[in-house]
Amino acid sequence: DAGITQSPRHKVTETGTPVTLRCHQTENHRYMYWYRQDPGHGLRLIHYSYGVKDTDKGEVSDGYSVSRSKTEDFLLTLESATSSQTSVYFCAISARRDRANTEAFFGQGTRLTVV
Amino acid sequence: AQKITQTQPGMFVQEKEAVTLDCTYDTSDPSYGLFWYKQPSSGEMIFLIYQGSYDQQNATEGRYSLNFQKARKSANLVISASQLGDSAMYFCAMREEYSGGGADGLTFGKGTHLIIQP
């Protein structure tokens, strides 16, 4: 199994509070991704990183920010959580970007509930 | 338009029967990859099989095979001799080598909930 750890695994927070989710990898992979999973939508890309301090927006980036100060850690921050951000969040990593066949390995997911 | 379409929200199949899960895709990128993931009730995403746009043969991994029809933009997953443990959500996903000018990462379909009945 790929070494990907997400923390926390479960969190309940109040509307308007900041929340940070952490993804930690031990594979030394360059590319890291944050997805959210909602019923009826599959997984949608929030943000991704192609190296330390190099990040970019995905399909559903509004209300989220990310940071990557070390190869192994990719943080997702909800600056002011809203109920629409209640979801399951997945981190993924992959070794390469220049080949379409590069598999993405997923973390176990974080279930976030905003009340 | 959706890039990945899975038209079967749910399927019930008898144990030991073969299962075909449908996936169609839309891309103008000449180089792309198609992936299938399994998500059991425990929630993790498990990679099953990959097919590259330039691969001449259909991919196979144990009981899983991918029926790739490039002209029809179809990448159906076939599970032979289904087992109770195959009950799960199944997601088709695509990665475009040039991202169609957009973001990197995988684009997922909405999934098919497969239930294997004894």
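About the thresholds
Residues numbered from 1 in each chain as written. Chains lettered and ligands numbered in written order. Predicted model: local features only at pLDDT ≥ 70, side-chain atom pairs only at ≥ 80, totals over all residues. Heavy atoms only, no water. Helix = DSSP H or I, 4+ residues; strand = E, 2+ residues; numbered from the N terminus. Buried < 20%, exposed > 50% of the residue type's maximum accessible area, 1.4 Å probe, protein only. Contact = heavy atoms within 4.5 Å. Areas by Shrake-Rupley, 256 points an atom, 1.4 Å probe, with all protein chains shown as cover. Lys, Arg positive; Asp, Glu negative; His and termini not counted. Charge placed at Lys NZ, Arg CZ, Asp CG, Glu CD. Buried area = accessible area lost by both parts, 1.4 Å probe. Salt bridge = Lys/Arg side-chain N within 4 Å of Asp/Glu carboxyl O. Polar contact = N/O pair within 3.5 Å; in protein donor to acceptor, adjacent residues only side chain to side chain. Nonpolar A, V, L, I, M, F, W, Y, C, P; charged D, E, K, R; others polar. pLDDT = per-residue confidence, 0-100.

(A) Seen up close, the overall build of chain A. Scanning chain A from N- to C-terminus turns up 0 helices and 11 strands. Oriented by its inertia axes, the alpha-carbon framework of chain A measures out at about 40 × 30 × 25 Å. Burial status across chain A gives 50% buried among its 115 residues. Considering only contacts in chain A between residues 6 or more positions apart, those separated by 24 or more positions represent 55%. Accessible area of chain A: about 5500 Å², with a carbon and sulfur share of 46%. Here chain A holds 14 positive side-chain charges and 13 negative ones, and the gap between their average locations is 1 Å.

(B) Examining the interface of chain A and chain B more closely. In this complex, chain A contributes 25 residues to the contact, which on the side of chain B involves 24 residues. With both sides pooled, the region where chain A packs onto chain B buries about 1900 Å², and carbon together with sulfur makes up 52% of that total. Counting across the chain A and chain B interface gives 0 salt bridges. Between chain A and chain B we count 3 residue pairs in polar contact (both at pLDDT 80 or more) in total. Of all the secondary-structure elements, those providing two or more residues to the side of chain A that touches chain B are strand 4 (31–38), strand 5 (42–51) and strand 9 (87–94) of chain A. For the side of chain A that touches chain B, a count of residues per class yields 10 nonpolar, 9 polar and 6 charged.

(C) Examining the confidence of the model for chain A more closely. The pLDDT averaged across chain A works out to 91; a share of 92% of its residues lies at or above 70. Element-level mean pLDDT values for chain A span from 90 in strand 10 (residues 105–106) of chain A up to 98 in strand 8 (residues 73–78) of chain A.

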